[in-house]
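What follows is the residue order along each chain.
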Amino acid sequence: THTHAHKISTMASTRAFVSSLRLTSQLVVSRCKRPRFSAPWSHSVGSMVGARQCWQPVRCLSRGAAAPISDDAAGEVSAAGAAGDLTAPLPTSTEQLKVRFAPREPKPDPIVLEQALEAIRTTEKRPNTLTAYLVTDTHDKSKKRGQPRDPFRSVTVLPNPIREPKKILVFAKGADGEAARNAGADVVGDRDIIDDVAQGTIEFDVCLATSNIIKEIKPAARHLRDRMPTVKKGTVVEDIADAVRRYKSGVAFKSDKHGNVVVPFATTAMKDEEIRANFAQLIEDVNSHKIGGKGKFIRSMGVSPTQGKYFALVDDTDVE
């Protein structure tokens, strides 16, 4: 009996909720009779002013056909919606509503790096990190037609570092280990430091290894996990001294399958000359991955702060 009474009360509350929805007028926005969806009429008309398609707002009549809304009705709807009155009745005119579309804003022209820095600094409240957005060419003659080139990755050593030096762990032995120490590696060893790595007593940011010792340190893979040196990531190298210098103070970057490269290269607290030098070094390192083809390898470039909008830059480099 209690369950039956609960069902009756639930059904009554559901009917009351449906009745209250019918009191609140709704708009059905339809294009060529379908698809159609409903939206609160208080802000539907205003949201259509930027639409790309010509949608026809009509009133949703209970169990009947939908009637278009006139211009006067649209004005009354907007006024009622602005006033916050959600229960005001809608006019039932059958005259079609004409929607005017707002024109698209033209894209701003590319500017030079110095102009972008000036615009960023006028609106920022604290120093921001500047990030470069580069779009590179994905053409590769060795691939089948329509297939892009393989993504590339590397490390750029900026003339003016933007981060603190990283802690480098190197697996090497003999002359390679001595060269890594002279280059600035924090920890150098071979199989004898695997236990320390497993226990977590060694703190490091990047792990490097030489190709002649990579097979001997395979037991450390389950402890290093994603920091395990691999050829694909470029952390298994022949010239260990150069790799230590690059990973110590460099910034890693990689491209995706569409050729996009996103990499931080400076901060707004730097001088304009330092920012320009870092940007030029980054462009040079990215251009070094060109594998053929005519025209410039970097098709477009831009810069954006941590908090701010994107600025398209003019390609004033002479590199093809």
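Up top you'll find the structure we're talking about.
Since the structure is predicted, the reported quantities are computational estimates derived from the model, not experimental observations. (Residues numbered from 1 in each chain as written. Predicted model: local features only at pLDDT ≥ 70, side-chain atom pairs only at ≥ 80, totals over all residues. Heavy atoms only, no water.)

A closer look at the side chain of Ser-304
Within the secondary structure layout, Ser-304 lies in strand S13 (residues 298–304). In contact with Ser-304, not counting residues within four places along its chain, are Thr-129, Leu-130, Thr-131, Tyr-133, Lys-309 and Tyr-310. (Helix = DSSP H or I, 4+ residues; strand = E, 2+ residues; numbered from the N terminus. Contact = heavy atoms within 4.5 Å.)

Focus on the sheet that holds S13
The antiparallel open sheet is built from four strands, whose spatial order is S12-S5-S13-S14. Two strands bound the open sheet, and with one partner strand each, they are strand S12 (260–267) and strand S14 (311–313). Adjacent strand axes in the sheet meet at a mean angle of 30 degrees when their direction is disregarded. By the bridge criterion, six bridges tie strand S5 (residues 129–136) to S13 in an arrangement that is antiparallel. Note that in S13 the partner of Thr-131 across the bridge is Ser-304. Along the sheet, helix H9 (residues 272–287) makes contact with S5, S12, S13 and S14, crossing S12 at roughly 155 degrees. (Pairing = 2+ DSSP bridges. Axes fitted to C-alpha atoms, helices over the stretch in contact; angles between N-to-C directions.)

Here's the deal with the nonpolar core
Among the nonpolar cores identified, the biggest contains 27 residues, and Leu-130, Phe-265, Ile-275, Phe-279, Val-286 and Val-303 are the most heavily contacted of them. Those elements giving two or more residues to this core turn out to be helix H4 (113–123), S5, strand S11 (251–254), S12, H9, S13 and S14. Top element by residues in this core is H9. It accounts for five residues. Setting aside its immediate chain neighbours within four residues, Phe-279 contacts Leu-113, Ala-132, Phe-265, Met-301 and Leu-313. (Core = buried A, V, L, I, M, F, W, Y, C linked by side-chain atoms within 4.5 Å. Buried < 20%, exposed > 50% of the residue type's maximum accessible area, 1.4 Å probe, protein only.)

Some points on the packing of aromatic side chains
Any two aromatic rings considered together are summarised by their centre-to-centre distance and by the angle between their planes. The final tally for this structure, using the stated rule, is three aromatic pairs. Ring geometry for Tyr-133 against Tyr-310: centres 5.9 Å apart, planes inclined by 80 degrees, an arrangement best described as edge-to-face. With Tyr-133 in strand S5 and Tyr-310 in the loop between S13 and S14, this residue pair connects regions lying 177 residues apart in the sequence. Classification of Tyr-310 as partly exposed rests on a relative accessible area of 43%. (Phe/Tyr/Trp six-rings, centres within 6.5 Å; stacked < 30°, edge-to-face > 60°.)

Details of the pairing of S11
Burial along S11 is one-sided: the residues Val-251 and Phe-253 are buried and none of Ala-252 and Lys-254 is. Pairing geometry for strand S6 (residues 153–156) and S11, over four bridges, is antiparallel. Its bridge partner being in S11, Thr-156 is matched across the sheet by Val-251.

Observations regarding a nonpolar patch on the surface
A cluster of nonpolar residues, Tyr-133, Val-262 and Tyr-310, forms a patch on the protein surface that exposes about 280 Å² of accessible area. On the basis of relative accessibility, which here comes to 33%, the residue Tyr-133 falls in the partly exposed class. (Patch = residues over 30% accessible without salt bridge, like charges linked within 9 Å, V, L, I, M, F, W, Y side chains within 5 Å. Areas by Shrake-Rupley, 256 points an atom, 1.4 Å probe, with all protein chains shown as cover. Salt bridge = Lys/Arg side-chain N within 4 Å of Asp/Glu carboxyl O.)

Examining the sheet that holds strand S10 (residues 236–237)
What the four strands build is an open sheet, ordered S8-S7-S9-S10; its pairing is parallel. The open sheet terminates on both sides in strands that have one partner only, identified here as strand S8 (187–189) and S10. Of the pairings in the sheet, the one linking strand S9 (residues 206–210) to S10 comprises two bridges and is parallel in character. Paired with Thr-210 across the strands is Val-237, a residue of S10. Packing of helix H8 (residues 240–249) onto the sheet brings it into contact with strand S7 (168–171), S9 and S10, and relative to S9 it is tilted by some 170 degrees.

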